[in-house]
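Geometric and topological summary
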Amino acid sequence: MLDAKFLRENLDYASSRLATRGDSGNLDLFRDLDEERRALLQETEDMKALRNAESAQIGALRKQGLDARERQDAVRSLGERIKANEERLKAVEEKLSGILLTLPNLPHESVPVGKDESENPEIRVWGEKPVFDFDPLPHWELGEMLGIIDLPRAAKLSGARFSLLTGAGARLERALINFMLDLHTLEHGYTEVLTPFMVQPPSLTGTAQLPKFEEDLFHVEGGEYYLIPTAEVPVTNIHREEILAESALPIRYAACTPCFRKEAGSHGKDTRGLVRLHQFNKVELVKFTRPEDSYDELESLTRDAEEVLMRLGLPYRVVSLCTGDLGFASAKTYDLEVWLPGQQTYREISSCSNFEDFQARRAQIRYRPEGAKGTRLVHTLNGSGLAVGRCMVALLENFQQADGTVIIPEALRPYMGGMEIITRGG
RNA sequence: GGAGAGAUGGCCGAGUCGGUCGAAGGCGCUCGCCUGCUAAGCGAGUAUACGCUCAAAAAGUGUAUCGAGGGUUCGAAUCCCUCUCUCUCCGCCA
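Throughout, residues of each chain are indexed from 1 in the direction in which the sequence is written. Here every chain gets a letter starting at A, and every ligand a number starting at 1, in the order they are written. For this predicted model, a pLDDT threshold of at least 70 governs which residues receive local features, and a threshold of 80 or more governs which side-chain atom pairs are given and counted, while totals over whole chains, interfaces and linings are taken from all residues. Side-chain numbers here rest on the full set of heavy atoms in the structure, without hydrogens or water.

Looking at the sheet that holds strand E9 (residues 316-320)
Condition: Whether two strands pair depends on DSSP finding at least two bridges between them. Helix and strand labels come from DSSP, where a helix needs a run of H or I of at least four residues and a strand needs a run of E of at least two; each type is numbered from the N terminus. Residue contacts are counted whenever heavy atoms from the two residues lie within 4.5 Å of one another. Every axis in this analysis is a line fitted to C-alpha atoms, fitted for helices over the stretch in contact. Angles between the N-to-C directions lie between 0 and 180 degrees.
Spatially, the eight strands line up as an open sheet ordered E1-E9-E10-E11-E14-E8-E7-E2, and their pairing is mixed. The outermost strands of the open sheet, each flanked by one partner alone, are strand E1 (122-126) and strand E2 (191-192). Here E2 pairs with strand E7 (residues 251-260) via two bridges, running parallel. Its bridge partner being in E7, Glu192 is matched across the sheet by Ala254. Sheet contacts for helix H7 (residues 168-187): E2, E7, strand E8 (279-289) and strand E14 (379-387); angle to E8, the most-contacted strand, approximately 5 degrees. Where helix H10 (residues 294-312) meets the sheet, its contacts fall on E1, E7, E8, E9, strand E10 (332-340), strand E11 (345-354) and E14, and the angle it forms with E14 comes to roughly 5 degrees.

This is the structure in structure tokens:
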């Protein structure tokens, strides 16, 4: 959510920044409602001040045993007018927050202007794309041949866009999770958290999945619960409505959770394999920082995610999302894209974003600056470190051999009981 | 699921028959004084949000907030209703 005060004072600037996203919002309506709200608020508060003063006098009279009936009658009608005003005010404030909650974040100055993903500049590239003297297979064929991925049975259980891993496949998923969590907690300084996988609406409003993106979420019958689409939601909301000590910042959390997504509107896209599922595991990194530190923290967050790919020896590149491709809540995002030889393309495997105070304002996450009065909103960041399923896809496709077996990268072997290669029936 | 108890400021804890209560007292914390050092002692301060005044900062001022929402009343932390959460006991359960 954008700051209403900032918007009020920088309407043209905000409008032009939003336009670079292709979503300029309804700022004229905002301005009118904001003005109406303040006028109404002032009027109502003046009346309340009067009522408070009158009531105090009535109290004083009554204490002396005097009759105050006339005054009481006069104040009664004031009370009715106050109530009427409050109702109008409430209606205006609801409309206003409706606008504010659906207005996207302003892109950071350093974000390249562009209309869609074709205009995302490449920031850096790492690793050598593997060269094969045979035709590399897509992961679903490898997985089936090796007997570690069983998509037909997954469909029998749950329908399209679900996966079933068996044997070395299931173990590989678990190995990846443990490897990633160990790296981030033991070497990168994150604290591991294990969160609920269902949350209530205020949490989703806090991180900005609601109210605008309800159609992407699974709603659970029998309660006001949603399945989390990413660990970002529960982890960021850990500190919702809290005032943190400055000395506690930055806070860095790592969490592995399943992610549940409807994938509405992506019919026909990535229908085969493990790339786009209704349920997948993801290790997520979340940070709470002081505003002045957040862009440095975005760089280190991205590096922390990249480190996973480097240790696994997976070639990748980093792109900076342009204004037109930026997520609703993000001020700046780097995507990590891993090379998939089976499909001869780079695919997103991590998205690292700085939300600045956009989520913090919705979720009321603040800190108390030392040596200054009052509170400030923290900046929140998060990034995948990494999407586990897509990581498995990348491993299979990059480390496949002519005979269909797959080499397990060095870094993962301790987590695989020393296994070096995945063979058929392994 | 059944029965009961509770929810007040960073923490503990008072709030009488509703009347000036943003809330006594204590602890903690901050600043100052005192003191060879530490401790103790003394003094002052110590919630948040949204408005308004102001060029702005500082400051001042208004309103709201005693789990949440609604009601009664001139006036509610105090009375009534609904909800949420916590604790205890019983039952059930991985």
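Concerning the protein's contact with RNA strand B
Put simply, the rule is: Here a residue is considered near a molecule or strand provided that any single heavy atom belonging to it is located within 4 Å of it. We define a polar contact as two N or O atoms separated by no more than 3.5 Å, with the added condition that, inside protein, one atom must be a possible hydrogen donor and the other a possible acceptor, whereas residues neighbouring each other in sequence contribute only through side-chain atom pairs. Gly is placed with the polar residues, together with every amino acid not listed as nonpolar (Ala, Val, Leu, Ile, Met, Phe, Trp, Tyr, Cys and Pro) or charged (Asp, Glu, Lys and Arg).
Taken together, 25 residues sit near RNA strand B, with Arg37, Gln42, Arg76, Arg368 and Thr375 positioned nearest. Arg8 is positioned such that a nitrogen or oxygen atom in its side chain is 2.9 Å from a phosphate oxygen of RNA strand B. Take Ala56: an N or O atom from its main chain is 3.2 Å from a base oxygen of RNA strand B. Listed by contribution, the elements that provide at least two residues to the surface near RNA strand B are helix H1 (4-9), helix H3 (27-63), helix H4 (69-102) and strand E12 (365-368). With 15 residues, the single largest contributor to the surface near RNA strand B is H3. Grouping the constituent residues of the surface near RNA strand B by class yields six nonpolar, six polar and 13 charged.

Focus on the nonpolar core
Definition in use: In plain words, nonpolar cores are sets of buried Ala, Val, Leu, Ile, Met, Phe, Trp, Tyr and Cys residues tied together by side-chain atoms within 4.5 Å. With a 1.4 Å probe rolled over the protein chains alone, any residue whose accessible area is under 20% of its type maximum counts as buried; one over 50% counts as exposed, and the rest are partly exposed.
Counting residues in each nonpolar core, the largest one holds 53 residues, and the members touching the most others are Leu176, Met180, Leu312, Leu314, Leu386 and Leu412. The greatest single-element share of this core, amounting to nine residues, is contributed by H7. The residues touching Leu176, leaving out its near neighbours within four places in the chain, are Leu312, Val388, Cys391, Met392, Leu395 and Leu412.

Focus: the pattern of salt bridges
Applicable threshold: When a carboxyl oxygen of Asp or Glu is within 4 Å of a side-chain nitrogen of Lys or Arg, the pair counts as a salt bridge.
In total, this model carries 29 salt bridges according to the counting rule given. The salt bridge partner of Asp34 is Arg8, with a shortest N-O separation of 2.7 Å. A residue pair is termed long-range when its members are at least 10 positions apart, and Asp34 in helix H3 and Arg8 in helix H1 qualify at 26 residues. Overlapping salt bridges, with partners in common, bring together Glu246, Arg290, Glu292, Asp293 and Arg376 in one network.

Topic: the packing of H3 against H4
Applicable threshold: Oblique is the label for every angle not falling under 35 degrees (roughly parallel), over 145 degrees (roughly antiparallel), or within 65 to 115 degrees (roughly perpendicular). Handedness of a crossing is defined here by the sense of rotation of the near helix relative to the far one, left-handed for an anticlockwise turn of less than a right angle and right-handed for a clockwise turn.
Between H3 and H4, the shortest axis-to-axis distance is 8 Å and the interhelical angle comes to 155 degrees. Relative to H4, the element H3 lies roughly antiparallel. Like other packed secondary-structure pairs, H3 and H4 cross with a definite hand, here left-handed. In terms of residue class, the contact of H3 with H4 is made up of 17 nonpolar, five polar and 14 charged.

Quick word on the sheet that holds strand E4 (residues 219-220)
Ordered in space as E3-E5-E4, the three strands form an open sheet in which the pairing is antiparallel. Of all strands in the sheet, those bounded by a partner on one side alone are strand E3 (198-199) and E4. Sheet topology places E4 next to strand E5 (residues 225-227); two bridges connect them, and they run antiparallel. Following the sheet pairing, His219 is matched in E5 by Tyr226.

Comments concerning a negative patch on the surface
So the rule is basically this: For patch building, the residue pool is restricted to those with more than 30% relative accessible area and no salt bridge; the joining distance is 9 Å between like charges and 5 Å between nonpolar side chains (Val, Leu, Ile, Met, Phe, Trp, Tyr). For every accessible area listed, the method is Shrake-Rupley and the probe measures 1.4 Å; residues are considered covered only by the protein chains on display. Asp and Glu count as negative and Lys and Arg as positive, but His and the ends of the chain are not part of the count. Every charge is mapped onto a representative atom, which is NZ of Lys, CZ of Arg, CG of Asp or CD of Glu.
On the surface, Glu214, Glu215, Asp216 and Glu224 cluster together into a patch of negative charge. With respect to the helices, strands and loops of the structure, Glu215 is situated in the loop between helix H8 (201-206) and E4.

Details of the packing of aromatic side chains
Note the threshold: Any Phe, Tyr or Trp ring, taking Trp's six-membered ring, that has another such ring centre within 6.5 Å forms a pair; planes under 30 degrees apart are called stacked, those over 60 apart edge-to-face, and the others tilted. Counting as a charge over the ring demands two things of the Lys NZ or Arg CZ atom: a distance within 6 Å of the ring centre and an angle within 35 degrees of the ring normal.
Applying the stated criterion across every chain yields a total of eight aromatic pairs. With a centroid separation of 5.7 Å and an interplanar angle of 25 degrees, the aromatic rings of Trp126 and Tyr316 are classed as stacked. Of the two residues, Trp126 sits in strand E1 while Tyr316 sits in strand E9, which places them 190 residues apart along the sequence. The class for Trp126 is partly exposed, based on a relative accessible area of 30%. Each residue in the set Phe213, Phe328 and Phe358 is aromatic and connected to the rest through ring pairs, giving one cluster. Its end group placed over the ring of Trp339, Lys129 keeps NZ or CZ at 4.1 Å from the ring centre.

Points about H10
The criterion, for reference: Under the convention used throughout, the expected extent of a helix is 1.5 Å for every residue step, that is, one less than its residue count.
A rise of 1.5 Å per residue sets the reference length of H10, with its 19 residues, at 27 Å; its end C-alpha atoms lie 28 Å apart and thus fit the reference within 8%. Among the residues making up H10, those that are buried are Ser294, Tyr295, Glu297, Leu298, Leu301, Thr302, Asp304, Ala305, Glu306, Val308, Leu309 and Leu312. Gly313 sits one or two positions beyond H10 and adopts a positive phi of about 75 degrees.

Describing unusual backbone geometry
The linkage connecting Leu210 with the following residue, Pro211, adopts the cis geometry, with an omega of 5 degrees. Summarising the element assignment, Pro211 is placed in the loop between H8 and E4. The omega angle of the peptide bond from Leu249 to Pro250 is -5 degrees, so this bond is cis rather than trans. Residue position: Pro250 is located in the loop between strand E6 (242-245) and E7. Of note in the backbone geometry, Glu356 takes a positive phi value of approximately 50 degrees without being a glycine. Secondary-structure assignment places Glu356 in the loop between E11 and helix H11 (358-363).

The quantities given are spatial measurements derived from coordinates; they are silent on function.
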